[in-house]
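What the coordinates show
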Amino acid sequence: PLQEKALNPLDPAETRSRLLVTTRIRRLLGSGRGFVDIDVGLLSKEEAVRLLLEAAGLAALGDGGAQEIPPQAFEIVDLCGRLPLAVAIAGGVVGNYGALDREVVELIREELTKDTQADGLTVAERITQASLRSLPAEEREPAERTFLLFAVFPEHITIPMPVHCLLYNSPS
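What comes next concerns the included structure. (Residues numbered from 1 in each chain as written. Predicted model: local features only at pLDDT ≥ 70, side-chain atom pairs only at ≥ 80, totals over all residues. Heavy atoms only, no water.)

**Brief notes about the side chain of Arg126**
Looking at where Arg126 falls in the secondary structure, it is placed in helix 7 (residues 123-133). Side-chain polar atoms of Arg126 contact the backbone oxygen of Glu111, separated by 3.3 Å. (Helix = DSSP H or I, 4+ residues; strand = E, 2+ residues; numbered from the N terminus. Polar contact = N/O pair within 3.5 Å; in protein donor to acceptor, adjacent residues only side chain to side chain.)

**Re unusual backbone geometry**
With the exception of glycine, the majority of residues adopt a negative phi angle, and the majority of peptide bonds are in the trans configuration. Positive phi, close to 60 degrees, is recorded for Arg82, a residue that is not glycine. Mapping Arg82 onto the fold places it in the loop between helix 3 (71-79) and helix 4 (84-97).

**Let's talk about the packing of helix 2 (residues 45-56) against helix 3**
Two elements in contact, helix 2 and helix 3, have axes separated by 9 Å at closest approach and are oriented at 105 degrees. Between helix 2 and helix 3, the crossing angle belongs to the class labelled roughly perpendicular. Where helix 2 abuts helix 3, its residues Lys45, Ala48, Val49, Leu52 and Leu53 lie against Ala73, Phe74, Ile76, Val77 and Asp78. A breakdown of the residues in the contact of helix 2 with helix 3 according to their chemical character gives eight nonpolar, no polar and two charged. (Axes fitted to C-alpha atoms, helices over the stretch in contact; angles between N-to-C directions. Parallel < 35°, antiparallel > 145°, perpendicular 65-115°, else oblique. Contact = heavy atoms within 4.5 Å. Nonpolar A, V, L, I, M, F, W, Y, C, P; charged D, E, K, R; others polar.)

**A few points about the packing of helix 2 against helix 4**
The geometry of helix 2 relative to helix 4 is characterised by a closest axis approach of 7 Å and an angle of 40 degrees between their N-to-C directions. Judged on the interaxial angle alone, helix 4 and helix 2 are oblique. In this structure, helix 2 meets helix 4 at a crossing whose hand is right-handed. Of the residues in helix 4, those touching helix 2 at Ala48, Leu51, Leu52, Ala55 and Ala56 are Pro84, Val87, Ala88, Ala90, Gly91, Gly92, Val94 and Gly95. Classifying every residue of the contact of helix 2 with helix 4 gives 10 nonpolar, three polar and no charged. (Left-handed = near helix turned anticlockwise from the far one by under 90°.)

**Quick look at the nonpolar core**
Leu52, Ile76, Cys80, Val104, Ile108 and Ile127 are the most contacted members of the largest nonpolar core, which totals 25 residues. Of all the secondary-structure elements, those providing two or more residues to this core are helix 2, helix 3, helix 4, helix 5 (102-112) and helix 7. If one sorts the elements of this core by residue count, helix 4 sits on top with six residues. The contact partners of Val104, leaving out residues within four places of it in the chain, are Ile76, Val93, Val94, Tyr97 and Ala99. (Core = buried A, V, L, I, M, F, W, Y, C linked by side-chain atoms within 4.5 Å. Buried < 20%, exposed > 50% of the residue type's maximum accessible area, 1.4 Å probe, protein only.)

**Let's talk about the environment of Pro136**
Relative to the helices and strands, Pro136 is located in the loop between helix 7 and helix 8 (137-149). By relative accessible area, Pro136 is classed as partly exposed at 36%. Counting along the chain gives 39 residues from Pro136 to Tyr97, while the straight-line C-alpha distance between them is 9.7 Å.

Next up, the structure:
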């Protein structure tokens, strides 16, 4: 129907435009509608460390110069499962701390080794929480509100009232 077409402007059958969507949720865009699924897999350990250092603003450590890559870099990419998004966010955490040391590794380890059965969060969601914890207090609330603005809820899920209130600045 016409209404459905207006709600799905990204349908490749209806436009010559193309959009690249990266996700680990394979069913996000549906199937059989012209979408191409490409599995890129995990980063190699070397690629993951390079991404971590670049995202942290410490790329000089990995340029083959005299400085050796700290073992903490390898530990963090292992904690992140060498998932590109998680590694890039972890690099941001390291950048917020300004150093690649035990303290930042422990912050990331604490968040990533929580009981996954209890809260059902993914590695990317957990490292995002660690990134919020790494921000100075005055930056944390605005960052959390920004994350809410980009929240996506499947159509069959009711948006929780606290999220709705935060999104629309309403008390209830």
